[in-house]
Amino acid sequence: MKDKSFIPALTGIRALCVYFIFFYHLNFFSPEKEPALHCIFDQFYTFLTFFFVLSGFVICHKYYGISSLKKKDLYNYFINRISRVFPILILLISITFLLGYRQGLYGSGANTVKLYLLNITLFKGFSSEYYLTGIGPSWSMSVEELFYTLSPLIFLYTKKVSSLIKFVLIFYGIGILLTFIFTQHPFEGFFSSYIFTGYTTFFGRIFEFACGIFLAMLVKEKYQSRLLKKIGARSLYIGLIIIVISIALLYSVAQHYQAFHAHDTWPGLAVNNLLMPV
């Protein structure tokens, strides 16, 4: 608790988001008998957004010093990130594929090895064909790990709000370019569509991390926001209203387009990736 980089309230926010995502996966309402409630719970996946915002905030708040690009700082940062994530991830993925291979879930041994390598390297997160293989939800780690890798450069070049905005636009541009290339020359589902790139890859989720970085820079007093100072404590209630509006919009989009997930449509993707992070 003496560690100034530790903020207890973030644990509570994470817990709330985990509960929402848990009930999205559980969804005990019947799509036939209670379609409205079932559809609302299906939109709770959008709380994944908060984990990307929190990652942007925590990494910037705790490791902003890596923007100096000093070898010692970078070494400690990457060792810390790798040791926190990859040992348990590789262990769980290995167990999953070992059991899956024994049960014949992945076909030939060569195919199992291919899927295993795509999973432990997290390259699966860039392919619509493979991103749900192995431990399905681990596709989000592809998004997280690319952010961790790029963080030193992001912090170095985003000393101003305008620079942060430019970074977001640059990565959107890279995502559009990659998707254009792979749609012209398809390869095993990699960057197979703009919707997929927008929802499942870092190039579509950069704004969420940027929101977290923006908040961290406000806390560190490196950015200023007259609007937030003016709003003050009311920002909490305004934020809650935006969340409720976002869920309502996602529900409406899902109903209108008859989509299982609203983010499979452009309006739903915009609400999920741009409105919710705010």
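Just so you know, these numbers come straight off a predicted model, no measurement behind them. (Residues numbered from 1 in each chain as written. Predicted model: local features only at pLDDT ≥ 70, side-chain atom pairs only at ≥ 80, totals over all residues. Heavy atoms only, no water.)

Things to note about the overall build of the chain
When helices and strands are counted, the chain shows 12 helices and zero strands. Taken from the N to the C terminus, the helices and strands of the chain come in the order α-α-α-α-α-α-α-α-α-α-α-α. A globule of 278 residues ought to have a C-alpha radius of gyration of about 19 Å, and the chain, at 20 Å, matches this closely. Structurally, the chain occupies a C-alpha span of about 55 × 50 × 45 Å along its principal axes. For the chain, with 278 residues in total, the buried portion stands at 44%. Within the chain, contacts between residues separated by at least 24 positions form 66% of all contacts whose residues are at least 6 apart in sequence. Put simply, the chain shows about 15,600 Å² of open surface, and 69% of that area lies on carbon and sulfur atoms. (Helix = DSSP H or I, 4+ residues; strand = E, 2+ residues; numbered from the N terminus. Rg over C-alpha atoms; globule rule 2.2 N^0.38 Å. Buried < 20%, exposed > 50% of the residue type's maximum accessible area, 1.4 Å probe, protein only. Contact = heavy atoms within 4.5 Å. Areas by Shrake-Rupley, 256 points an atom, 1.4 Å probe, with all protein chains shown as cover.)

Structural notes on the side chain of Ser225
With respect to the secondary-structure elements, Ser225 resides in the loop between α9 (202-219) and α10 (226-231). The exposure class assigned to Ser225 is buried, which follows from its relative accessible area of 14%. Once you skip the residues sitting within four places of it in the chain, Ser225 turns out to touch Phe214 and Leu218.

Thoughts on the pattern of salt bridges
Counted by the stated rule, this structure contains two salt bridges. Of the charged contacts, one joins Glu188 and Lys114 as a salt bridge, the two residues approaching to 3.0 Å between their closest N and O atoms. Placement of the pair is Glu188 in the loop between α7 (161-184) and α8 (194-200) and Lys114 in helix α5 (residues 109-120), with a sequence separation of 74 residues. Under the relative-accessibility criterion, Glu188 is labelled partly exposed at 30%. The class of Lys114 is partly exposed, set by a relative accessible area of 30%. One salt bridge in this structure joins Arg205 and Glu208, with 2.8 Å as the shortest N-O distance. (Salt bridge = Lys/Arg side-chain N within 4 Å of Asp/Glu carboxyl O.)

Describing the packing of aromatic side chains
In this structure the tally under the stated criterion is 35 aromatic pairs. In textbook terms, an aromatic cluster arises when at least three aromatic residues are bridged by ring pairs, as seen for Phe52, Phe123, Phe126, Phe147, Tyr148, Phe167, Phe171, Phe182, Phe191, Phe202, Phe203 and Phe209. Lying over the aromatic face of Tyr148, Arg81 brings its terminal NZ or CZ to 4.9 Å of the ring centre. The ring of Tyr199 carries the charged tip of Arg205 above its face, separated from the ring centre by 4.6 Å. (Phe/Tyr/Trp six-rings, centres within 6.5 Å; stacked < 30°, edge-to-face > 60°. Lys NZ or Arg CZ within 6 Å of the ring centre and 35° of its normal.)

Quick notes on empty space enclosed by the protein
Using the criterion set out here, one finds one cavity of 30 Å³ or more in the structure. Each pocket or cavity is described by its volume, and for the largest cavity that value is around 40 Å³. Residue composition of the lining of the largest cavity, grouped by class: nine nonpolar, no polar and no charged. (1 Å grid on protein atoms, 1.4 Å probe; cavity = no way out; pocket = protein on both sides within 12 Å on 5 of 7 lines; lining within 4 Å. Points joined across faces, edges and corners; volume = space filled by probe spheres on them. Nonpolar A, V, L, I, M, F, W, Y, C, P; charged D, E, K, R; others polar.)

Concerning helix α1 (residues 8-26)
An α-helix turns once per 3.6 residues; consequently, residues spaced three or four apart project the same way. The end-to-end C-alpha distance of α1, which contains 19 residues, comes to 28 Å, matching closely the 27 Å that a straight helix rising 1.5 Å per residue would cover. For α1, the complete set of buried residues consists of Leu10, Cys17, Ile21 and Tyr24. Looking down the long axis of α1, one finds its buried residues gathered within 45° of arc, a one-sided arrangement. Away from its buried face, by an angle of more than 90 degrees, α1 presents the exposed residues Leu16 and Tyr19. Those residues of α1 hidden inside the fold are in contact with α2 (35-42) and α3 (48-63). (Expected span 1.5 Å × (residues − 1). Arc of directions from axis to C-beta.)

Quick word on a nonpolar patch on the surface
On the surface, Ile176, Leu177, Phe180, Ile181, Tyr194 and Trp266 cluster together into a nonpolar patch covering about 620 Å² of accessible area. If one sorts the elements of the nonpolar patch by residue count, α7 sits on top with four residues. Along the chain, the position of Trp266 falls in helix α12 (residues 266-275). (Patch = residues over 30% accessible without salt bridge, like charges linked within 9 Å, V, L, I, M, F, W, Y side chains within 5 Å.)

A look at the packing of α3 against helix α6 (residues 139-156)
Where α3 meets α6, the closest approach of the two axes is 11 Å, and the angle between their N-to-C directions is 30°. It follows from the interaxial angle that α3 and α6 lie roughly parallel. Two packed elements cross with a definite hand, and for α3 against α6 that hand is right-handed. Where α3 approaches α6, its residues Leu48, Phe51, Phe52, Ser55, Gly56, Ile59, Cys60 and Tyr63 are matched on the opposing element by Trp139, Ser140, Val143, Glu144, Phe147, Tyr148, Ser151 and Phe155. (Axes fitted to C-alpha atoms, helices over the stretch in contact; angles between N-to-C directions. Parallel < 35°, antiparallel > 145°, perpendicular 65-115°, else oblique. Left-handed = near helix turned anticlockwise from the far one by under 90°.)

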